[in-house]
Amino acid sequence: MSQLGVDNHSNPLRDPQDRRMPRIAGPCSLVIFGVTGDLSRKKLMPAVYDLANRGLLPPGFSLVGFARRDWAHQDFAQIVHDAVKEHSRTGFREEVWNQLAEGFRFVPGDFSDDDAFERLRLTVAELDEVRGTGGNHAFYLSIPPRFFPDVIGQLKAHGLAEADGESWRRVVVEKPFGHDLASARELNDVVSQVFPPEAVFRIDHYLGKETVQNILALRFANNMFEPVWNGRYVDHVQITMAEDIGIGGRAGYYDSIGAARDVIQNHLLQLMALVAMEDPINFEAGSLRIEKQKVLASVQLPDDLGRHTARGQYAAGWAGGVKVGGYLDEKDIPSSSTTETFAAIRLEIGTRRWGGVPFFLRTGKRLGRRVTEVAVMFKKAPHLPFTDTQTEALGRNALVMRIQPDEGATLRFGAKVPGTAMEIRDVNMDFAYGGAFVESSPEAYERLILDVLLGDPPLFPQHEEVELSWQILDPIIDYWAKHGQPEQYPSGIWGPKSADEMLARDGRSWRRP
Ligand code: BG6
């Protein structure tokens, strides 16, 4: 979708209109802060290797790790090697690895250590000279936000944030973008004092998923869905992001965040914006942002948040046939923690298209299975020329966009059951990525890192969207803080009873994907 709006300085040979040309990054390096963290090992380093393996990185591409470790370059190379072997999507090829590893550098140091940033400056200069990175460097902050001011201040102080002439400097910020509206604004002030808006890439990795981009393809490349994509035909929309895992080793991060801040504020509201927005005039970042912003700005919260939201915390139960402990039993979680691991909210969008159509968003850890989907649930036909018994097994028509796993889409409608009587039952028509395409989908981080290196911004949320998302969520989180506690739900089921009751009050029920 982002063939347009590309910074052609990165690669003068590329014609952005020509879909046959691979999108190859121009000379550059990627500097990762927090290179020893989970995200870096599981996602970033493997994605860099996968890009190299697909021939999408320039020959002199260099990867710089920055962390508080006493490592030599070889130790760093070993860490990347292990991460790539374990987590990369594409097969390991010795020749690709050897070429990539020549560009590895490690800078040991603390974020407050001036000498370390001086070493980083020298390293980057050396790369420009030896590997031809051309002064183009992206700084990826895979670190807790409380360190952003230090690192960004250091980048500025050491002249790393400013580019000369045609070259570029970019900063990549991982979520959470703040903790609430006020802190998101503070964070943005810190970043925008040093980097201009076009140099800031905020990662919401859901936008890098093929199936999420497919929401736009499905809606705007076809003629059959848009006519019914509105409150005349749509009864409600359910957006579910369910995980079967618990919080793993992320107690420090998760306990101060909870499910709503962790994924509703970003992934689920972005999904909702893509499902609900009007067609953009093109797929450039600015045009997409205008439409997504309009949706987020039109969101209306229910008056009674107690009746129209639900939250829970997983208790002991089952995961994948294995007995597991509850959230409060997790290492480093205080036994008094009231952090929610499940959250469900009901929103409406005050526009002509969507007036009166509820959007239900839910997410949770340790649920029945891992599944993310967007289900557009249609109203029943206004008149059925059948008896009640003939349509007993007929539910709502539904279009389900399956984000993951089992990527694809399902259309559910009623069909006659074979036999001598007229009996109608729901059937599914299925599109599966695996069956329709030979190519396998790249990982979200492959796409997003490549887009950063190309300077291609449509898949990155802008600050305005981040602010609007906090404006939606802050009142809900404040309400929860003042009213009661999350309800315990046994691991392995579909969340707390209060979530079912919340939909039942609306005369609806959650899907069991
Ligand atoms: C992250 C959240 O943004 O997304 C995690 O912080 C969550 O808590 C993860 O597990 C899920 O990502 P995915 O791509 O596996 O759905």
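The following paragraphs examine the structure supplied in this document. Predicted model only: the values in this text are computed from it and were never measured. (Residues numbered from 1 in each chain as written. Predicted model: local features only at pLDDT ≥ 70, side-chain atom pairs only at ≥ 80, totals over all residues. Heavy atoms only, no water.)

1. Section: the packing of aromatic side chains
No. 1: As enumerated under the stated definition, the model contains 22 aromatic pairs in all.
No. 2: Both rings, one in Trp97 and one in Phe104, keep their centres 5.4 Å apart while their planes meet at 70 degrees; by these two values the pair is edge-to-face. Comparing Trp97 with Phe104 shows no difference in burial state: the two are buried.
No. 3: Each ring, one from Trp354 and one from Phe359, has its centre 5.2 Å from the other, and the planes form 85 degrees; the classification is edge-to-face.
No. 4: Among the aromatic residues, those joined into a cluster by ring pairs are Tyr49, Trp71, Phe76, Phe92, Trp97, Phe104 and Phe106.
No. 5: Here the basic side chain of Lys209 rests over the ring of Tyr206, its NZ or CZ set 4.6 Å away from the ring centre.
No. 6: Positioned over the ring face of Tyr314 is Arg366, at 5.6 Å from the centre of the ring. (Phe/Tyr/Trp six-rings, centres within 6.5 Å; stacked < 30°, edge-to-face > 60°. Buried < 20%, exposed > 50% of the residue type's maximum accessible area, 1.4 Å probe, protein only. Lys NZ or Arg CZ within 6 Å of the ring centre and 35° of its normal.)

2. Considerations on the site of the ligand
No. 1: The local shell around the ligand holds 14 residues, among which Tyr206, Lys209, Glu243, Asp262 and Gln404 are the closest.
No. 2: The separation between an oxygen atom of the ligand and a polar side-chain atom of Lys175 is 2.7 Å.
No. 3: Contact between the ligand and Lys365: an oxygen atom at 2.8 Å from a side-chain N or O atom of the residue.
No. 4: With the chains in place, 84% of the 390 Å² that the ligand exposes on its own is no longer accessible.
No. 5: For the shell around the ligand, the leading source of residues is helix α9 (residues 258-276), giving three residues. (Near = heavy atom within 4 Å. Polar contact = N/O pair within 3.5 Å; in protein donor to acceptor, adjacent residues only side chain to side chain. Areas by Shrake-Rupley, 256 points an atom, 1.4 Å probe, with all protein chains shown as cover. Helix = DSSP H or I, 4+ residues; strand = E, 2+ residues; numbered from the N terminus.)

3. Observations regarding the sheet that holds strand β1 (residues 29-33)
No. 1: Ordered in space as β3-β2-β1-β4-β5-β6, the six strands form an open sheet in which the pairing is parallel. Across the chains shown, the open sheet's two edge strands, defined by having one partner strand only, are β3 (104-108) and β6 (200-203). Neighbour-to-neighbour, the strand axes of this sheet turn through a mean angle of 20 degrees, independent of strand direction.
No. 2: Docked against the sheet, helix α1 (residues 38-53) engages β1, β2 (62-67), β4 (137-141) and β5 (169-174), running at close to 175 degrees with respect to β1. (Pairing = 2+ DSSP bridges. Axes fitted to C-alpha atoms, helices over the stretch in contact; angles between N-to-C directions. Contact = heavy atoms within 4.5 Å.)

4. Describing the nonpolar core
No. 1: By size, the foremost hydrophobic cluster in this structure holds 147 residues, and its most contacted members are Phe33, Leu120, Leu155, Met272, Phe359 and Leu361.
No. 2: A total of 12 residues in this core trace back to one element, the largest contributor, which is α9.
No. 3: Among all residues touching Met272, those that are not within four sequence positions of it are Ile239, Val295, Val299, Leu347, Ile349, Phe359 and Leu361. (Core = buried A, V, L, I, M, F, W, Y, C linked by side-chain atoms within 4.5 Å.)

5. Comments concerning the pairing of strand β7 (residues 234-242)
Moving residue by residue along a regular strand, the side chains alternate between the two faces of the sheet.
No. 1: Most of β7 is tucked away: nine of the nine residues are buried.
No. 2: Here β7 pairs with strand β14 (residues 371-378) via eight bridges, running antiparallel. Residue Thr240 lies in a different strand from β14, and its bridge partner there is Glu373.
No. 3: Pairing between β7 and strand β13 (residues 358-364): six bridges, direction parallel. From the neighbouring strand, Thr240 faces β13, where its bridge partner is Arg362.

6. A word on the environment of His463
No. 1: Relative to the assigned elements, His463 resides in helix α14 (residues 463-482).
No. 2: Overall, the relative accessible area of 13% leaves His463 in the buried class.
No. 3: Aside from chain neighbours lying at most four places away, what touches His463 is Ala184, Arg185, Asn188 and Arg202.
No. 4: Side-chain polar atoms of His463 contact the side chain of Asn188, separated by 3.4 Å.

7. Focus on the pairing of strand β9 (residues 309-315)
No. 1: Burial of β9 is extensive: seven of the seven residues sit out of reach of the surface.
No. 2: Where burial is concerned, the two faces of β9 agree: the one with Thr309, Arg311, Gln313 and Ala315 and the one with Ala310, Gly312 and Tyr314 are both buried.
No. 3: The sheet contact formed by β9 and strand β12 (residues 342-349) spans four bridges and is antiparallel. Residue Ala310 lies in a different strand from β12, and its bridge partner there is Ala344.
No. 4: Note that β9 and strand β18 (residues 487-490) share four bridges and pair parallel. Bridge pairing in β18 places Gln313 opposite Gln488.

8. Let's talk about the pattern of salt bridges
Pairing is possible between side chains that carry opposite charge, provided their charged atoms lie close to one another.
No. 1: A full pass over the atoms with the stated rule returns 31 salt bridges.
No. 2: A salt bridge links Glu126 to Arg105; the shortest N-O distance between them is 2.9 Å. Here the residue Glu126 occupies a position in helix α4 (residues 114-130), and Arg105 occupies one in strand β3, the gap between them amounting to 21 residues.
No. 3: The partly exposed category is assigned to Glu126, whose relative accessible area is 29%.
No. 4: Across the salt bridge formed by Asp430 and Arg402, the nearest N and O atoms sit 3.1 Å from each other. With Asp430 in strand β17 (residues 424-432) and Arg402 in strand β15 (residues 398-404), this residue pair connects regions lying 28 residues apart in the sequence.
No. 5: Under the relative-accessibility criterion, Asp430 is labelled exposed at 53%. (Salt bridge = Lys/Arg side-chain N within 4 Å of Asp/Glu carboxyl O.)

9. A look at the side chain of Asp456
No. 1: Tracing the chain through its elements places Asp456 in the loop between α13 (444-454) and α14.
No. 2: With a relative accessible area of 0%, Asp456 lands in the buried category.
No. 3: One polar contact links Asp456 to Arg23, side chain to side chain, over a distance of 2.5 Å.

10. Section: the side chain of Ser337
No. 1: Residue placement: Ser337 occurs in the loop between β11 (322-324) and β12.
No. 2: Only 2.6 Å separates the side chain of Ser337 from the side chain of Asp255, close enough to count as a polar contact.
No. 3: With residues near it in sequence (within four places) discarded, Ser337 still touches Asp255, Gln313, Tyr327 and Leu328.

11. Brief notes about helix α3 (residues 94-101)
No. 1: Listed in full, the buried residues belonging to α3 are Val96, Trp97 and Leu100. End-on view of α3: buried residues confined to an arc of 95 degrees, all on one side of the axis.
No. 2: Buried residues along α3 sit against α1, α2 (73-87) and β3. (Arc of directions from axis to C-beta.)

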